[in-house]
Amino acid sequence: MAGRVTRVARWAAPVLTAVLLTACGSGSTTPGDEFQWLEEVESPRSAAWVESENAKTLGALQQDPRYSANLEGAQQVGKSPDRLPEPTIIDGEVYNFWQDGEHGRGIWRKTSISDYEAAQPNWVTVLDLDALAKSEGKDWVWQGVGCSPVTESHCLISLSEGGEDASTFREFDTRTGQFVSGGFVLPRGKQLVNWADDDTVLVSREWQPGELTASGYPYIVKSWQRGRPLAEATEIARGDKADMRAMPMVLADGDGHRLALVARARSFFDHEYTLATGANRPLALPVKSEPVGLVGNRLLVRLDQPWETGGANFPAGSLVSLDAEAVARDPERLRATAVYIPGPQDSLQDVSTTRNGVVVTSLHDVRAQVAVYSPQPDGGWRSAPVALPDNASISTAATDTHGALAYLKVESFLTPPALWRLDTTTALATAAKSSPPQFDPSPYVVEQQHATSPDGTSVPYFVVHRADMRLDGANPTALTAYGGFGVPQTPHYDGTLGKLWLDRGGVLAMANIRGGGEFGPAWHEAALKTHRQRAFDDFAAVGTDLVDRKITTPQRLGITGRSNGGLLMGVEFTQHPELWNAVDIGVPLLDMLRYEQIAAGASWVGEYGSVANPDERAFLESVSPYQQLKQGVRYPEPFVWTTTKDDRVGPQHARKFAAKLASLGAPYLFYEPSVGGHRGSTNIDEQATITALRYTYFARKLM
C-alpha cells in the first residue's frame, strides 16, 4: 500500500527494499463467498473473466470521443522534456532515473552538481534499462538503487519483472559503469537489503522455503561477505513467523560513522531494534519509534508515542538524538536530547541529513515548514528556519551526506515543481531549477475550508477552482483523500489534472481526514481499527460541505482514491451511494473479512484490526465494501481498476467487488492490465492509458 511505501522510506531511507507478497489467498475458504475463485490470480478461469471485463470497459471508455484527447494530453504531460529531473546525490554527482518517449523503461543517468543546475544538463547514461531488458529478454522495471556508505560507488540495483514488488538485486560499479563480474547478486525474491560496508551486505530474505511471516515478509537477517556463496551467509538476527517482518538498517554519517541495526516489526507500527552484531542486544527505544539518520555520530530517532527516558519527557511526534557510541556501548540505558518538538497543530514529516546538519520538514495546519538543525558541542541542537515560498508542499529531494548541500522540492496545486538549493551550514535556500507550467494557473485559486464531522471534529480540506466560479451547484467536482497509515495529503502539482480537469471546468477538492498524518500521531490514531468510521465520516462530511457551499451537487460530485484510499472509496460507495455520481476505486482493499489472507494483508492488522478479534471482526464486517453490497440499492456506476501484478494489495479485492456488483445487476466498469504492480503502471504510456480512462470516466459521469 501507499502507506507502506512511505513508512518504509521514512524510517529506513538508506535501505534498498523489495518484497514479493503472496499473490493468492491462503487456500482457506469463507462460507458464502461465491466469488472467491477470483482470488486465484493466474488461473485460466480468472484470466478469462478479466479479459472479458477489460473488453467491455475499454469498449465503453475508449469509444468515447473524449478518450483520444485525454490520452494525448496525458502522454504529452508524461513525456514532456521540461519535467523536473529529480536528483539523487551519489559519490559527489547527481543521478536521475528518467523515462520519456525514447526510453520507455527508462535510463539511469548522471551529471555533475554544477552542470545539473544548468538549463540543459549534459547527462551521461549510466544504465539503459530498455537495452538491458532487450538483451536479457526480461520485462525489467526499475525499482531503485542503494549504494555502500563507504565509497558510494558500489551499488545494488533492484529490478522487478512487470512492476511487482519482488526484485532481483545486482551489484553495479558506478565508476566503471558496469555490473560487477562475480559481484553480489540476489535472485528474485522477498528480500530487504542494506550495505554494511563495500564488501558486506545485510540481507533479509526467504533463506529456506517457508521462512516467511504471514504477511509474506522475511524474518531472518544474515550477513553476506563478498566472494562467499549466498548459502554461507551468517545469521545475525531472527524474528518470528508471527511477526510482520525483520529487516537490516545501516545508518551512516559523513564522518565515517556507521550504526548497523535490525528492525524487528512485531506489527506494522510496533518495532524492536537490536544491534546487528549477532548478540541480540535490544535498544531501549519505545516500540512506536523509528531511527531515521546519523549526524556527527548522533542517532536521530522519530517518536510516534510519548517517551520518558533519563529523566526527560518527549511528546509523540518529536525528533530526538542519542549518542551513537553510547547506544552501541549500552543500548539498554538511553539518554535522549530533543531536536524537534511539535506544537498542537504541527506534524513532523521528513528528516534528512547532510554532513553537518539535519533538514526537518514539518506541517503547521497542513502548511509546510523547513528548518535546519545543527549539532552543538554541548550535545544540544541549534535550529534555523529556512525561508521558502509559502502555501506550498516542500519535501527533501536529495542530500549530500559528505557535504552541506540539500535540494528541496517546492510545489503547489498551481505552481510546478521547483528545486531549491539549501546550504545546511547557513540555512540559506536559493532557487536552483524549475519546470515550466503545463497549464495556465492564472484563472484558478486555492482555498482551505473546514467541514464538521458528526463528532464535532473540524476537518480541513483544500479546493482548487476558477476564481470566477459560480456557487450554483453546477461545478463538476472531484474529491480525494487517503486517511490511513499516518500519511498526510498535501498540495502537489499535477499537469494532467490541470489540462484534463481544471481547464475543462472541473474543481478539485482534497480532504485531510483522520487516519492521515496531517496533525501528527494523534490524528492518525484517532481512526485506527474500530475507530476507522471517523475517517469515513470525515470524508462524507467534506462531501456534504461541498454541496452545502453550493460548489457542487451529488449529481456533479465524484470521488477518487487508491490503495487505502481505494478502501475509503469502497466504503463511501456503500455507505453514501446517494452523495456521489462517480466513484474511482484504484488498486483497492475491499474484502475486509479476507484481507489478512490476501497478498500482504496480514501486515496491516495494526491499522485495520483482525477478524481473529471478535470486536474488530464485527466492525470490519460492518464497513467492508464487499460484504456491504446489497440488492436493491441504487449505486452510482463505479470505475474499479487494479493490476494483475499488484502483489502488495492484490487484484482479488477489485475483481470480487466487480463480480458481486454484476450479480446484483448494478452498473460498473472494471479494468485490470496484466502489468504495473501496485503503482498501476511501469512506463509513461501505461500510466497515460489509465489516466485517460479515469478522466474519460469522470467526464462521462460529471460533465
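This one's a predicted model, so the numbers in the text were calculated from it and none came from an experiment.

1. Side note on the overall build of the protein
- Looking only at helices and strands, one finds 15 helices and 39 strands in the protein.
- Rg of the C-alpha trace for the protein: 24 Å, near the compact-globule value of 27 Å for 703 residues, within the 12% margin.
- Dimensions along the principal axes, computed over C-alpha positions, put the protein at roughly 65 × 55 × 55 Å.
- Looking at the protein residue by residue over its 703 residues, the buried ones come to 61%.
- Sequence-distant contacts in the protein: of pairs separated by 6 or more residues, those separated by 24 or more amount to 60%.

2. Observations regarding the sheet that holds strand S16 (residues 258-265)
- Spatially, S15-S16-S17 is the arrangement adopted by the three strands of the open sheet, whose pairing is antiparallel. Strand pairing shows two members of the sheet lacking a second neighbour, strand S15 (245-252) and strand S17 (271-275), which therefore form its edges. Each strand axis lies, on average, 25° off the axis of its neighbour in the sheet, ignoring direction.
- Across five bridges, the pairing between S16 and S17 is antiparallel. Paired with Arg264 across the bridge in S17 is Glu272.

3. Section: the pairing of strand S37 (residues 582-586)
- Among the five residues of S37, five are classified as buried, and the element is accordingly described as predominantly covered.
- Residues Ala582, Asp584 and Gly586 point to one face of S37 and Val583 and Ile585 to the other, with burial holding for every one of them.
- Pairing analysis gives five bridges linking strand S36 (residues 557-562) to S37, with the strands arranged parallel. Within the sheet, the bridge partner assigned to Gly558 lies in S37 and is Ala582.
- Between the parallel elements S36 and S37, the chain passes through helix H10 (residues 564-575) in a crossover that is right-handed.

4. A look at the pairing of strand S30 (residues 418-423)
- Pairing analysis gives six bridges linking strand S29 (residues 405-411) to S30, with the strands arranged antiparallel. Each residue of the ladder has a partner; that of Tyr407, found in S30, is Arg421.
- The antiparallel hairpin formed by S29 and S30 contains six residues in its connecting segment.
- From the end of S30 to the start of strand S31 (residues 428-434), which pair antiparallel, there are four residues, and Ala427 there has a positive phi angle of about 65°.

5. A word on the state of the cysteines
- This structure, assessed with the given rule, holds one disulfide.
- Disulfide pairing places Cys147 opposite Cys155 at an S-S distance of 2.1 Å. The sign of the 100° torsion about the S-S bond sets the Cys147-Cys155 disulfide as right-handed.
- Overall, the relative accessible area of 21% leaves Cys147 in the partly exposed class.

6. Topic: the packing of helix H9 (residues 533-548) against H10
- At a minimum axis distance of 10 Å, the contact between H9 and H10 shows a crossing angle of 70°. The angle between H9 and H10 falls in the class roughly perpendicular. The crossing of H9 and H10 is right-handed. Contact with H9, carried on its side by Gln533, Ala535, Phe536, Phe539 and Ala540, involves Leu568, Met569, Val571, Glu572 and Gln575 of H10 and no other residues of that element.
- Within the contact of H9 with H10, the residues separate by chemical class into seven nonpolar, two polar and one charged.

7. Quick notes on the domain arrangement of the protein
- Taken domain by domain, the protein consists of domain 1 (41-77 + 438-702) and domain 2 (342-436).
- Using C-alpha coordinates to define each centre, domain 1 is positioned 31 Å away from domain 2.
- Listed as interface residues are 23 residues of domain 1 and, on the opposing side, 17 residues of domain 2.
- Carbon and sulfur atoms supply 64% of the area buried between domain 1 and domain 2, which totals about 1700 Å² over both sides.
- Three residues, Pro491, Tyr493 and Phe519, lead the burial of domain 1 against domain 2; their summed loss comes to 35% of the area buried on that side.
- If you look at where domain 1 meets domain 2, you find zero salt bridges.
- Inspection of the domain 1/domain 2 interface yields eight residue pairs in polar contact (both at pLDDT 80 or more).
- Listed by contribution, the elements that provide at least two residues to the side of domain 1 that touches domain 2 are strand S32 (444-452), strand S33 (458-466) and strand S35 (507-511).
- Here the element with the most residues in the side of domain 1 that touches domain 2 is S32; it accounts for four residues.

Scoring rules and cut-offs
- Per chain, residue numbering runs from 1 following the sequence as it is written.
- Note on the predicted model: pLDDT of at least 70 is required for a residue's local features to be given, and 80 or more for side-chain atom pairs to be given and counted; whole-chain, interface and lining totals, by contrast, use all residues.
- The side-chain quantities take in all heavy atoms of the structure and omit both hydrogens and water.
- Secondary structure elements are taken from DSSP: a helix is a run of H or I of four residues or more, a strand is a run of E of two residues or more, and numbering for both begins at the N terminus.
- We take the radius of gyration over the C-alpha atoms and set the globule estimate at 2.2 Å times the residue count to the 0.38 power.
- For the exposure calls, accessible area comes from a 1.4 Å probe over protein chains only, and a residue counts as buried if that area is under 20% of its type's maximum, exposed if over 50%, partly exposed in between.
- Whether two residues are in contact is decided by their heavy atoms, any of which lying within 4.5 Å being enough.
- At least two DSSP bridges between two strands are needed for those strands to be called paired.
- Every axis in this analysis is a line fitted to C-alpha atoms, fitted for helices over the stretch in contact. Angles between the N-to-C directions lie between 0 and 180 degrees.
- The path from the first strand over the helix to the second decides the hand: if it runs clockwise while the strands point away from the viewer, the crossover is right-handed.
- In this description, a disulfide is simply a cysteine sulfur pair whose atoms lie within 2.5 Å.
- These descriptions rest on fixed angle ranges, namely under 35 degrees for roughly parallel, over 145 for roughly antiparallel, 65 to 115 for roughly perpendicular, and the rest for oblique.
- Crossings are classed by handedness, with left-handed meaning an anticlockwise turn of the near helix from the far one by less than a right angle and right-handed meaning a clockwise turn.
- Classes in brief: Ala, Val, Leu, Ile, Met, Phe, Trp, Tyr, Cys and Pro nonpolar; Asp, Glu, Lys and Arg charged; the others, Gly included, polar.
- Segment limits for the domains were obtained from an automatic or database-derived domain assignment.
- Buried surface area refers to the total accessible area, computed with a probe of radius 1.4 Å, that the two partners give up upon joining, counted for both partners together.
- Any carboxyl oxygen of Asp or Glu within 4 Å of a side-chain nitrogen of Lys or Arg constitutes a salt bridge here.
- Any N or O atom pair separated by 3.5 Å or less is treated as a polar contact, with the protein-specific requirement of one donor-capable and one acceptor-capable atom, and with residues adjacent in sequence counted only for side-chain atom pairs.

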